[in-house]
Amino acid sequence: MKDKYTIKEKKKNRKSFWIMAIALAFLTIIMASCSSDNTAINDTQIADPINNIQDNQVIPNNTISIKETTLEIDPKKITVNEQVLLDRDNVKITLKSMDVNNFLGPSLNFLIENNSANDITIQSRDVSVNNVMINTIFSADISSGKKANENLIFTSSELKTSGIDVFKDIELKFIILNSSDFSSLFISDPINFTTNVDPNFVQTYDDSGSVMLDQNGIKIVIKKVDDKNSFWGADVYLYIENNSDQNITVQARDVSVNGFMMNPVLSSSITPGKRAFSSLIFLKNEMEQNNIEQIQTMELSFHVFNTLNIDTILDSDKITVNF
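Conventions used here
Residues numbered from 1 in each chain as written. Predicted model: local features only at pLDDT ≥ 70, side-chain atom pairs only at ≥ 80, totals over all residues. Heavy atoms only, no water. Phe/Tyr/Trp six-rings, centres within 6.5 Å; stacked < 30°, edge-to-face > 60°. Helix = DSSP H or I, 4+ residues; strand = E, 2+ residues; numbered from the N terminus. Buried < 20%, exposed > 50% of the residue type's maximum accessible area, 1.4 Å probe, protein only. pLDDT = per-residue confidence, 0-100. Contact = heavy atoms within 4.5 Å. Pairing = 2+ DSSP bridges. Polar contact = N/O pair within 3.5 Å; in protein donor to acceptor, adjacent residues only side chain to side chain. Salt bridge = Lys/Arg side-chain N within 4 Å of Asp/Glu carboxyl O.

Caption draft 1: Summary view of the packing of aromatic side chains. A complete count under the given rule lists 6 aromatic pairs for this structure. Measuring from ring centre to ring centre gives 5.6 Å for Phe110 and Phe174, while their planes differ by 80°; the resulting arrangement is edge-to-face. With Phe110 in strand 5 (residues 107–114) and Phe174 in strand 11 (residues 169–178), the pair connects residues that are 64 residues apart, well separated along the chain. The burial state of Phe110 is the same as that of Phe174; both residues are buried. Ring geometry for Phe231 versus Trp232: centroids 4.7 Å apart, planes at 80°, classification edge-to-face. The class of Trp232 is buried, set by a relative accessible area of 19%. Among the aromatic residues, those joined into a cluster by ring pairs are Phe110, Phe138 and Phe174.

Structure below.
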């Protein structure tokens, strides 16, 4: 019996959510190329997780202290063992290697074998590196009875935003679709594997900023605003932690800037025990229509729902932020 999760059966608001999620995945490819303005929140200077890192600067995450010794990790020498990640319903996915020098960003290289009767499309979902959710580029079409070598790409901009320099623990799911109508054939369980990085390596997370929400195991921190050099118009950077036992999606509601109602883009999905570095994206034309050159005050509420069934988890009170 097929999974009940099919594209045709999605509710109207679920369709809107996935369209937004797909758009955000592509937005992240170029977002980090835009330099940011270190504007303080509530007169408190907040560290910039993106632009304080220079192109040739070693990110602190790749060195840790262990019993008065130093563990040095060379990100360019990270590898994975060849292994079968999925073998179900005549679809087999083998992880062959990892290329950390890929032009667009580090990539995982798969051999996909489709011995099923269907032409299929395979996509990734709920990808995390070192417990940080990461948007990736991956969609593979394989005809019935054929094989394909395909790459899953972690964009350099996404990794830089999230402070990921060293790959240690990787988790993901695969969704297998029927190419003819894009119905879901099945979704894999979470698949975990590790690289050759020393097990003693510990990823650090920059959760500095102003805590806007800390409820039901969900924590949202506003880190900083960039309304000067953002490619889109303006970005308000967020750190989100999901310490609940549910798959969550965070969206913004009733957003106003300097007293004007706005419609920023935010839809961040986080699996249990993971975190994400995301942003509210304000489009340039909407900023110009309201004659907003600088974000001084923002009001909003957060809507958090269960990603799997769209049940509401919480709706926050209205939050006011002065930049």
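Caption draft 2: Structural detail: the environment of Asn291. Tracing the backbone shows Asn291 in the loop between helix 3 (284–289) and strand 21 (297–306). For the pair Asn291 and Phe260, spaced 31 residues apart in sequence, the C-alpha to C-alpha distance is 9.6 Å.

Caption draft 3: Region of interest: the confidence of the model for the protein. Residues with a pLDDT of 70 or more make up 78% of the protein, whose mean pLDDT is 83. Contacts from residues 1–19, a stretch scored under 50 in pLDDT, to residues over four places away or in other chains number 34 contacts.

Caption draft 4: Broad picture of the sheet that holds strand 5. The antiparallel open sheet is built from 5 strands, whose spatial order is 3-4-5-10-8. Only two strands of the sheet have a single neighbouring strand rather than two, namely strand 3 (83–88) and strand 8 (136–137). When strand 8 meets strand 10 (residues 147–154), the two strands line up antiparallel, connected through 2 bridges. Its bridge partner being in strand 10, Ile137 is matched across the sheet by Ile153.

Caption draft 5: Seen up close, the environment of Ser244. The residue Ser244 is located in the loop between strand 16 (233–242) and strand 17 (248–257) in this model. Judged by relative accessible area, which is 14%, Ser244 ranks as buried. Between the C-alpha atoms of Ser244 and Lys219, which are 25 residues apart in sequence, the distance is 9.9 Å. Only 2.6 Å separates the side chain of Ser244 from the side chain of Asn242, close enough to count as a polar contact.

Caption draft 6: Fine view of the pattern of salt bridges. Counted according to the given criterion, the structure contains 6 salt bridges. Across the salt bridge formed by Arg88 and Asp89, the nearest N and O atoms sit 3.7 Å from each other. Of the charged contacts in the structure, one is a salt bridge between Lys274 and Glu171, with a shortest N-O distance of 3.5 Å. You can see Lys274 sitting in the loop between strand 19 (267–270) and strand 20 (275–283) and its partner Glu171 sitting in strand 11, a full 103 residues away along the chain. Accessibility classification places Lys274 together with Glu171 in one group, the buried group.

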